[in-house]
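Below are the chains, spelled out letter by letter.
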Amino acid sequence: MDNSAIYVRERGNLRRVSDIVLAQPKPVSSCRRANPFVLRKENFIFTYNAEGSLRYTTKSLFEITMLFVADNIHHVDSLVGFPEQIGDRLFAAAEENRVFLNADISPKALQLFSDAYGEMVLGSLCLRNRFPLLHERLDEIKTFHSLKSLDLFGCRLGDDHEIFQHLTSSSLASLIKLFIGGNSLSDVGLQRLTAPIRMLRKGLDCLQLLDVSYNPISVRALRYLMCFPKLENLDVSGTSLKLDTGLKTTMWDLLRLNYSEKPLDTFDHVRCKTEGWAQQVVNQWETNSSQMPKQKKIDESRASALRFFGRQKFVREVLNAAPLVCESEEETRRERLHFFRPAANNHIPEKQTPSTTNNQAKPAWNNIKKRQRQSERCDTSHQSSPTKRLSSSALTAEDMDLLNSY
């Protein structure tokens, strides 16, 4: 346990490990500290018997090993292949030792567990209106690769945030629910978010629920959502969209979604929770951040914001702005615009398509046929090789300008 040489036997071969510095054992509160044979306190369980006398029992070798590995988790190469029970116990030991509060070790440790156990580490993450936590722990949040639900409502992302690149990467291929409402996201921001998906045909392939409510987006932004082939629920409440026959027609022609007369329960915030082994770790991050000295916390938040955005004026406005909250529950219910994909959507008769006059019915049906042919071409492109280059006719001038800016 000192700084002498360490030898490890692997697969019958003995090798020397010289670049590993093990964590120092915790100091033992004993009057015999100079005695090298003093018993380590953390390896024993101290209790009292019926007479009130102190007694101790030794911990099992398994528990001692778990504590040792948890203290040196940053030296572990991989946990792939270890049973889930071992991973759970090891994660709990590392959490108890507050390993995940160390910004230098936490990202590598969480990456280690995420690669081995995936969704069990964290399957759902709710950061609603918790923008300081997102900005301070962004590196750790990026290590959760098996999220199925991610709530970033009210996190002040804007149109150009670093997490957008992470959302469209292969790391979140399993994401099903995404809440990005209340982030001042405009049409340009939604275009940038979906650009890698529309141009490279990868990212968010399994997305079924999308919340873009309370963002200044218009009807123009709906065509950027056509890249989500499995989209079934969409929330556009509080946006520039107004409920009328034209919106219903456009929503059906582009996304094959119908307006829901009743608010959908899937967009209820009560159903969004943080679930997984790392649930208490996220709570520790927030608790530890709230217990920091006020001035130190403000300085670190400003420095972190400057690194992300690089514009001091914009950062000052973001830090001084109040979080987005709805005025009243009754108002939110009245303005909710929820759309869903009907169960039988393969062959929709013409009479079910919204139209105002007979003269408008025929062009609408022609648009549907054109959209069906376009969707078929999209499906064939999905089946083709991912390295096949898209034709220039499939991209608009804005998409080409955005592609050239990368």
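Quick caveat: nothing in here was measured; it's all calculated off a predicted structure.

Conventions used here
Residue numbering note: each chain is counted from 1, following its sequence as written. Where totals are concerned, whole chains, interfaces and linings use all residues; where local detail is concerned, this predicted model gives features only for residues with pLDDT of at least 70, and gives and counts side-chain atom pairs only at 80 or more. As a convention, hydrogens and water are excluded, and side-chain values are obtained from all of the structure's heavy atoms. What makes two strands pair is DSSP finding at least two bridges between them. The helix and strand labels rest on DSSP assignments: H or I over at least four residues marks a helix, E over at least two residues marks a strand, and numbering proceeds from the N terminus. Under the pairing criterion, centres of Phe, Tyr and Trp rings, with the six-membered ring standing for Trp, must be within 6.5 Å; the plane angle then separates stacked pairs below 30 degrees from edge-to-face pairs above 60, leaving the rest tilted. Throughout, exposure labels follow a simple rule: accessible area from a 1.4 Å probe, protein chains only, divided by the maximum for the residue type, with under 20% read as buried, over 50% as exposed, and the rest as partly exposed. Identification of polar contacts relies on pairs of N or O atoms within 3.5 Å, with a donor-acceptor requirement for protein atoms, meaning one able to donate a hydrogen and the other able to accept it, and with residues adjacent in sequence counted only if both atoms are side-chain atoms. Two residues qualify as a contact provided that any one of their heavy atoms is within 4.5 Å of a heavy atom in the partner residue. Fitting a line to C-alpha atoms yields each axis, with helices limited to the stretch in contact; the angle taken between N-to-C directions then spans 0 to 180 degrees. Note on terminology: angles under 35 degrees are roughly parallel, angles over 145 are roughly antiparallel, angles of 65 to 115 are roughly perpendicular, and the others are oblique. A clockwise turn of the near helix away from the far one marks a right-handed crossing, whereas an anticlockwise turn of less than a right angle marks a left-handed crossing. Here the term charged refers only to Asp, Glu, Lys and Arg, the term nonpolar to Ala, Val, Leu, Ile, Met, Phe, Trp, Tyr, Cys and Pro, and the term polar to all other amino acids, Gly among them. Salt bridge criterion: a side-chain nitrogen from Lys or Arg within 4 Å of a carboxyl oxygen from Asp or Glu.

Draft legend 1. Highlighting the sheet that holds strand β7 (residues 177-179). Strand order in the open sheet formed by seven strands is β5-β6-β7-β8-β9-β11-β10, and the pairing between neighbours is mixed. Since the sheet does not close on itself, it has two edges, and those belong to β5 (124-126) and β10 (258-259), each with one partner.

Draft legend 2. Structural detail: the packing of aromatic side chains. The final tally for this structure, using the stated rule, is seven aromatic pairs. Here the aromatic rings of Phe-91 and Trp-277 are separated by 6.0 Å at their centres, their planes lie at 50°, and the arrangement is tilted. Placement of Phe-91 in helix α2 (residues 84-96) and of Trp-277 in the loop between β10 and α9 (279-290) is noted, with a sequence separation of 186 residues between them. Ring centres of Phe-100 and Phe-113 lie 6.3 Å apart, and the angle between their planes is 65°; this geometry places the pair in the edge-to-face category. Of the two residues, Phe-100 sits in the loop between α2 and α3 (106-117) while Phe-113 sits in helix α3, which places them 13 residues apart along the sequence. The class of Phe-100 is buried, set by a relative accessible area of 1%.

Draft legend 3. The arrangement of the side chain of Ser-260 in detail. By the secondary structure assignment, Ser-260 is in the loop between β10 and α9. At 2.5 Å, the side chain of Ser-260 forms a polar contact with the backbone oxygen of Lys-262. Residues in contact with Ser-260, not counting those within four places in the same chain, are His-338, Phe-339 and Phe-340.

Draft legend 4. Fine view of the environment of Leu-222. Secondary-structure assignment places Leu-222 in the loop between β8 (209-211) and β9 (233-235). In this structure Leu-222 comes out as buried when scored by relative accessible area, which is 1%. Placed 14 residues apart in sequence, Leu-222 and Val-236 show a C-alpha to C-alpha distance of 9.9 Å. Leu-222 has contacts with Leu-241, Leu-247, Thr-250, Met-251, Leu-254 and Leu-255, leaving out every residue within four places of it along the chain.

Draft legend 5. Representation of the packing of α2 against α3. Between α2 and α3, the least distance of the axes is 11 Å, while the angle of their chain directions is 160°. Between α2 and α3, the crossing angle belongs to the class labelled roughly antiparallel. As α2 runs across α3, the sense of the crossing is left-handed. Note on element contacts: α3 touches α2 through Leu-110, Phe-113 and Tyr-117, opposite Glu-84, Gly-87, Leu-90 and Phe-91. Looking at the contact of α2 with α3, its residues break down into five nonpolar, one polar and one charged.

Draft legend 6. Expanded view of unusual backbone geometry. Positive phi values are uncommon outside glycine, yet Arg-156 reaches one of about 55°. In this fold, Arg-156 is placed in the loop between β6 (149-151) and α6 (163-167). For Arg-156, a relative accessible area of 14% puts it in the buried group.

Draft legend 7. Focus on the pattern of salt bridges. With the rule as written, the count across this model stands at five salt bridges. In this structure, the salt-bridge partner of Glu-119 is Lys-148, at a minimum N-O distance of 3.5 Å. Residue Glu-119 is found in the loop between α3 and β5, and its partner Lys-148 is found in the loop between α5 (138-141) and β6; the two are separated by 29 residues along the sequence. What makes Lys-148 partly exposed here is its relative accessible area of 35%.

Note that every value here comes from positions in space, so none of it alone points to a role or purpose.
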